[in-house]
Amino acid sequence: MKGWYRQIIGKYIFRKLNLRIALILIIIFIILGMATRITLYNLLEKREQLLLDIRTEKFSQYLLQMLENFKKETTTLYTNNISVDNQLIPGYRFLEQVSQDDLSQHLQSTYFRNLLRFKIDSTPEALAMLIYRNKDRQLYHVPKLAQYQLKANFDFHRFFASLPKDYNFPYLGTIDSYLTNYSHPIPYVVVPIFDYNEITNDNALGYYMMSLDPQILLQQFDSLSYQDNYLTIQYGDQTLLNNLPNQQLNSNNYLSSMQNLKRYSLKIIGSRDKRIIQSQANPILLIIYLTLTMALLVCILLISQIQKHVVNRIYLMVNHFKKVQEDPFARSMKVLGEDEISYLMEQFNHMTDELKEHIRKIYIAELQRRNAEFYALKMQINPHFLYNTLESLRMQSLINDQPNIAESLYQLGELLHWLLKQDSDTVSIKEELRYSENYLSLFTMGKSNPVELQVLSEIDLNHCSMLKFSLQPIIENVIIHGNLDQVVEPLISIRITLVNSNIMIEIRNNGQGLTAEEQEKLQHKLEQSDPFGEQHLGLKNVHERIRTFYGESYGLHILPLLQEEGFGLTIQIPYIHPMINTDT
């Protein structure tokens, strides 16, 4: 931790000042925020607890009234009389008698279904109504929605047989879904139907059952936002309804209110997540936090503006130091201001300029050393002896009627004479092309498929100059690495154009090209700081000679060609206007 502080902050006085001010404001922010949060949360918690108590008590009365109404509705089976064979009989008798004829069965089915439809239409919390007859296990079912039909594999006989055989009804509980398109457990209320003249707890004619819709109960508990409040209904040890996320009530996370319906052994527990209360306080707390944060930012901004003029220039210098470490030939930094820092920037630029010049001198000295070695090697042979020998051989070829050999010897002599001439480092492009053609003729002499050199120029080549002996190494590289000896009609094309006061010499062949990866590697080798690599020495030397003579913005650039399009590169040199002689 100390090392991190020393590296990031300890070495910077303005950062330490900003840090101290920020810490003071943060402490004030935390104290005020915590006090406001505690006070506001306590007020909201008391308010929500009062509302929860009212809501839970109201729902308990609603649930009690619903159960009482359901018990009263069961009595209609005993009081409503139906005319059968000119006799009035109570409806519950249909649970005692099993009709054999179709008319009686239709009458019973119509009676029960109309009764259940009336009950379900008048009971919004009902999901389905059902009457079960023990004698023949006949079911009469009416759902609230048509999609809720009875599952064929549900054993209702087993379910009703498991109900208590006592008078403590209605019976409450939950049942696995017996309805299609409904997968949740269903709370239910069941009342047995007895023979009015012979009431015994083990001799029920059938059962009257109402399945409750949990969503309607939750809406009744909190009609405004029942997703924020939670309801738990317990019947003895059995849970009839519980929409808590983890099914368990934790007093640390929830407010709770409980009501007991001792008559039915029911316990109603309403709860509310304390995180909801916290979310209600968040907007107010957010305003306070934002206000203090803005105060912090304003202070830091004022200090930053004061130190910006100094710090920005220091950062500029540091970044430039890193650039010079990576590239000694990076451009000089821009000098800002007129004070001690600007003086330091000027002195550093002066130092880097001297470093560039020193490196350049060492590089040029290395080139001159190599040129001197090459020149000394050339001078080991007497030029006059070479000229006289080549001329004698040429005359002998003419005497023996061998004009081709004579012409080749003449070209070789001209080429040697031109190479050994030391009058200037530059020649006209026209002259460079002429001697390059001589070299090409000598290079392909005796081969069955000589290389054709095609030149196309948009400018007058007699008045444009370039470094001497620049094209010959490139043409040799194009022939060898392009495998032109394997091409039926080998061709080297040279196109010369003038672009923005720069001469662009594009050289291409129709031989084997390079892959995109090989082109990228070759361009990278040309741009390397070490000019004396062993691979592509000819291209590298030409590139470095051009950059040294004309400047770093000139040199060779590999053309991005497809492999089947051959190999190509561009020579970029400045266009130097010829001097016009005005002497008369």
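Parameters and conventions
- Residues numbered from 1 in each chain as written.
- Predicted model: local features only at pLDDT ≥ 70, side-chain atom pairs only at ≥ 80, totals over all residues.
- Heavy atoms only, no water.
- Helix = DSSP H or I, 4+ residues; strand = E, 2+ residues; numbered from the N terminus.
- Buried < 20%, exposed > 50% of the residue type's maximum accessible area, 1.4 Å probe, protein only.
- Contact = heavy atoms within 4.5 Å.
- Areas by Shrake-Rupley, 256 points an atom, 1.4 Å probe, with all protein chains shown as cover.
- Salt bridge = Lys/Arg side-chain N within 4 Å of Asp/Glu carboxyl O.
- pLDDT = per-residue confidence, 0-100.
- Core = buried A, V, L, I, M, F, W, Y, C linked by side-chain atoms within 4.5 Å.
- Phe/Tyr/Trp six-rings, centres within 6.5 Å; stacked < 30°, edge-to-face > 60°.
- Pairing = 2+ DSSP bridges.
- Axes fitted to C-alpha atoms, helices over the stretch in contact; angles between N-to-C directions.

## Some thoughts on the overall build of the protein chain
Inference 1: A tally of regular secondary structure across the protein chain gives 14 helices and 18 strands.
Inference 2: Across the 584 residues of the protein chain, 39% fall into the buried class.
Inference 3: Summarising the internal contacts of the protein chain: among those between residues at least 6 apart in sequence, 62% fall at separations of at least 24.
Inference 4: Approximately 35,100 Å² of the protein chain is accessible, and the part contributed by carbon and sulfur atoms is 55%.

## Description of the side chain of E73
Inference 1: Tracing the chain through its elements places E73 in helix α2 (residues 13–74).
Inference 2: Excluding residues that lie within four positions of it along the chain, E73 makes contacts with K119, T123 and Y208.

## Some remarks on the pattern of salt bridges
Inference 1: In total, this model carries 11 salt bridges according to the counting rule given.
Inference 2: As a salt-bridge pair, E48 and R47 come within 2.9 Å of each other at their nearest N and O atoms.
Inference 3: Exposure remark for E48: the relative accessible area of 4% places this residue in the buried category.
Inference 4: Here R47 falls in the partly exposed class, since its relative accessible area comes to 48%.
Inference 5: The network of salt bridges with shared partners includes R47, E48 and R272.

## Some remarks on helix α12 (residues 471–481)
Inference 1: Within α12, 8 of the 11 residues are buried, which leaves it mostly tucked inside the rest of the structure.
Inference 2: Residues L471, Q472, P473, I474, I475, N477, V478 and I479 constitute the buried set of α12.

## Examining unusual backbone geometry
Inference 1: Residue P170 follows F169 across a cis peptide bond; omega there is 15°.
Inference 2: Position of P170 among the secondary structure elements: in the loop between α5 (156–161) and β5 (171–175).
Inference 3: With a phi close to 60°, F469 is a non-glycine residue in the positive phi region.
Inference 4: Structurally, the position occupied by F469 is in the loop between β14 (465–467) and α12.

## Topic: the confidence of the model for the protein chain
Inference 1: Taken over all residues, the pLDDT of the protein chain has a mean of 79, while the share at 70 or more is 79%.
Inference 2: In this model residues 579–584 is a low-confidence stretch, pLDDT under 50, and it forms 0 contacts with partners more than four residues away in sequence or in other chains.

## Considering the nonpolar core
Inference 1: The biggest cluster of nonpolar side chains holds 43 residues, and the ones touching the most others in it are F59, L63, L231, I233 and L266.
Inference 2: Contacts of F59, omitting those with residues within four sequence positions, involve L217, Q220, F221, L231, I233 and I268.
Inference 3: Membership of the second largest hydrophobic core comes to 36 residues, among which are I475, V487, I494 and L526.

## Here we look at the packing of aromatic side chains
Aromatic rings considered in pairs are described by the distance between their centres and by the relative angle of their planes.
Inference 1: Evaluated as defined, the whole model comprises 20 aromatic pairs.
Inference 2: Through pairs of rings, three or more aromatic residues link up here, namely Y132, F154, F156, F159, F160, Y178, Y188 and Y207.

## Overview of the sheet that holds strand β4 (residues 138–143)
Inference 1: With antiparallel pairing, the 5 strands of this open sheet are ordered in space as β4-β3-β7-β6-β5. The sheet is open, and its two edges are formed by β4 and β5, each paired on a single side. Across this sheet, the average inter-strand angle for adjacent strands is 25°, counted without regard to direction.
Inference 2: The pairing of strand β3 (residues 126–133) with strand β7 (residues 204–212) spans 7 bridges and is classified as antiparallel. The residue bridging R133 from the neighbouring strand is G206, located in β7.

## Here we look at the sheet that holds strand β15 (residues 491–499)
Inference 1: Strand order in the open sheet made by the 5 strands is β13-β15-β16-β18-β17, with mixed pairing throughout. Whereas interior strands pair on both sides, the edge strands pair on one side only; in this sheet they are β13 (452–457) and β17 (555–558). Put simply, the sheet's adjacent strands are angled 20° from each other on average, direction ignored.
Inference 2: Pairing between β13 and β15: 6 bridges, direction parallel. In the sheet register, Q454 faces β15, and the bridge partner there is S493.

## Things to note about the side chain of Q472
Inference 1: Relative to the elements of secondary structure, Q472 occurs in helix α12.
Inference 2: The buried category is assigned to Q472, whose relative accessible area is 10%.
Inference 3: Discounting chain neighbours no more than four positions away, the residues touching Q472 are E432, S436 and Y439.

## Section: the pairing of β5
Inference 1: Across the 5 residues that make up β5, a large majority, 4, are buried.
Inference 2: Pairing of β5 with strand β6 (residues 186–194), which is carried by 5 bridges, proceeds in the antiparallel orientation. The residue bridging Y171 from the neighbouring strand is V190, located in β6.

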